[in-house]
Amino acid sequence: MAAGALAVVTGWLPAGAAYEVGVTRALPILGFLVAITVLAELADTAGVFDAAADRCARLARGSTAALFALVAVLATATTVGMSLDTTAVLLTPVVLALTARLGLAPLPFALLVIWLANTASLLLPISNLTNLLALQHSRMSTVEFAGRMALPELAAVTVTVVFLAILFRRKLIGRYDVPETSPPADRITFGLCVVACVGFVVAVTAGVPPWLAATLAALVALTVFVVRGRKHLRWSLFPWRLVLMTEGLFLLVAALVQHGLGTLLTRWADHSGLLTTLLAAGAGNLVNNLPAYLAMETSVPAGSGHGLFEILLGTNIGPLVTMWGSLATLLWADRCRARGVRVRPTTFAAIGLAGMPLVLLGAWAALQV
């Protein structure tokens, strides 16, 4: 945020461009970010994620491999419907607590969650902030976006799960004791939060602007807690650090684009779909996927979707090598440390270098269909 503000104050980013990027484009994105974070935090407090994880453990009937597959389904659904950051922040500790309770190795499940947080974030605009930016830029509908990304999403998720299942095959053999059913503390709060989450996804699919759908769903959840659980409402529900960082990235990247970054990236991509995807993946790992997308978006004319999907494949799937490649990965690493699970950056990078190219090429091939 400091760097973005400095670019504006010094005139390195002209005032008109700063308003266009920092207000016109950023406000709907930041509104969505705030609302979806509040909705997800309150749903977690109501026990929605705990109930979903426990349900997976019971459905797997004691099979570790079946539980791995069901957690993959849960992580994919959470990412698609409530964004990759929700999966990283809220599903990670729930899954790690579940593996500790069942006596299972945590690493395969922890990596499954964060890989799917990134690779499953292709389908809907709400799945990733980069998708929301692409929807703004291309002016296409949610249905059109999902139709174009359906096959790449399927390919990315399938390759992710298969790769990690093969990699950790020895740790996924065996059984565990099926846990007892634990009902939510407040069934009414739990039920209304589930309705708010489902209603949010339905509204977005029906064409309601994501920021508006998320705001309405968050208001429903907030109202429930005002009436039935006011003690859980706190100022820390508001993600002000994420808001400031995201706004700063908007301004900083806009300044860099003004000074030739976009032209340079366009020249490097040279209108090649695969090269664009690989370049976006590399840039995402180098400087984080959000600024990488903002910089590369300038190579696509406004109102056009041609080339945007190749960029999204790179910025959404690619950041699986460096810990700072996506904000979700940084948040995930913090949640893992809090649970006593430490994943070394070198281990994360080695696994990413082995598997990420397979996922990326599989999704790119599906996009050509």
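Quick caveat: nothing in here was measured; it's all calculated off a predicted structure.

Draft legend 1. Representation of the packing of aromatic side chains within the structure. Enumeration according to the criterion identifies five aromatic pairs in this entry. Here Phe-145 and Phe-309 contribute two aromatic rings whose centre-to-centre distance is 5.8 Å and whose plane-to-plane angle is 50°, an arrangement assigned as tilted. With Phe-145 in helix H8 (residues 142-167) and Phe-309 in helix H15 (residues 308-317), this pair connects stretches of sequence that are 164 residues apart. Each member of the pair, Phe-145 as well as Phe-309, carries the same accessibility label: buried. The cationic tip of Arg-148 hangs over the ring face of Phe-309; the distance from NZ or CZ to the ring centre is 5.5 Å.

Draft legend 2. Layout of helix H14 (residues 289-297). Counting buried residues in H14 gives nine out of nine residues, a clear majority hidden from the surface. Near the N-terminus of H14, the side chain that reaches the backbone nitrogen of Leu-290, with its oxygen 3.0 Å away, is that of Asn-288.

Draft legend 3. Highlighting unusual backbone geometry. Phi at Arg-61 is positive, roughly 55°, even though this residue is not glycine. Judged by its relative accessible area of 65%, Arg-61 is exposed. For Asn-288, which is not a glycine, the phi torsion comes out positive at approximately 95°. Inspection of the secondary structure puts Asn-288 in the loop between helix H13 (273-287) and H14.

Draft legend 4. Representation of the confidence of the model for the protein. Chain-level pLDDT for the protein is 89 on average; 96% of the residues reach the 70-or-more range. Mean pLDDT values over the elements of the protein span from 67, in helix H12 (residues 261-269), up to 97, in helix H6 (residues 106-119).

Draft legend 5. Structural view of the side chain of Thr-246. Along the chain, the position of Thr-246 falls in helix H11 (residues 240-258). Classification of Thr-246 as buried rests on a relative accessible area of 2%. Within the structure, Thr-246 has its side chain in polar contact with the backbone oxygen of Leu-242 (distance 2.7 Å). Apart from the residues lying within four places of it in its own chain, the contact partners of Thr-246 are Leu-30, Leu-33, Leu-129 and Leu-290.

Draft legend 6. Up close: the pattern of salt bridges. Counted under the stated rule, the structure contains four salt bridges. One salt bridge connects Arg-101 with Asp-54, and the closest N-O pair in it is separated by 2.8 Å. With Arg-101 in helix H5 (residues 84-102) and Asp-54 in helix H3 (residues 48-59), this residue pair connects regions lying 47 residues apart in the sequence.

Draft legend 7. Representation of the packing of H11 against H14. Between H11 and H14, the least distance of the axes is 9 Å, while the angle of their chain directions is 35°. Regarding H11 and H14, the two cross each other, and that crossing is right-handed. When H11 is examined against H14, the residues Thr-246, Leu-249, Phe-250, Val-253 and Val-257 are found in contact with a partner set consisting of Leu-290, Pro-291, Leu-294 and Ala-295. A breakdown of the residues in the contact of H11 with H14 according to their chemical character gives eight nonpolar, one polar and no charged.

Conventions and cut-offs
Residues numbered from 1 in each chain as written. Predicted model: local features only at pLDDT ≥ 70, side-chain atom pairs only at ≥ 80, totals over all residues. Heavy atoms only, no water. Phe/Tyr/Trp six-rings, centres within 6.5 Å; stacked < 30°, edge-to-face > 60°. Helix = DSSP H or I, 4+ residues; strand = E, 2+ residues; numbered from the N terminus. Buried < 20%, exposed > 50% of the residue type's maximum accessible area, 1.4 Å probe, protein only. Lys NZ or Arg CZ within 6 Å of the ring centre and 35° of its normal. Polar contact = N/O pair within 3.5 Å; in protein donor to acceptor, adjacent residues only side chain to side chain. pLDDT = per-residue confidence, 0-100. Contact = heavy atoms within 4.5 Å. Salt bridge = Lys/Arg side-chain N within 4 Å of Asp/Glu carboxyl O. Axes fitted to C-alpha atoms, helices over the stretch in contact; angles between N-to-C directions. Left-handed = near helix turned anticlockwise from the far one by under 90°. Nonpolar A, V, L, I, M, F, W, Y, C, P; charged D, E, K, R; others polar.

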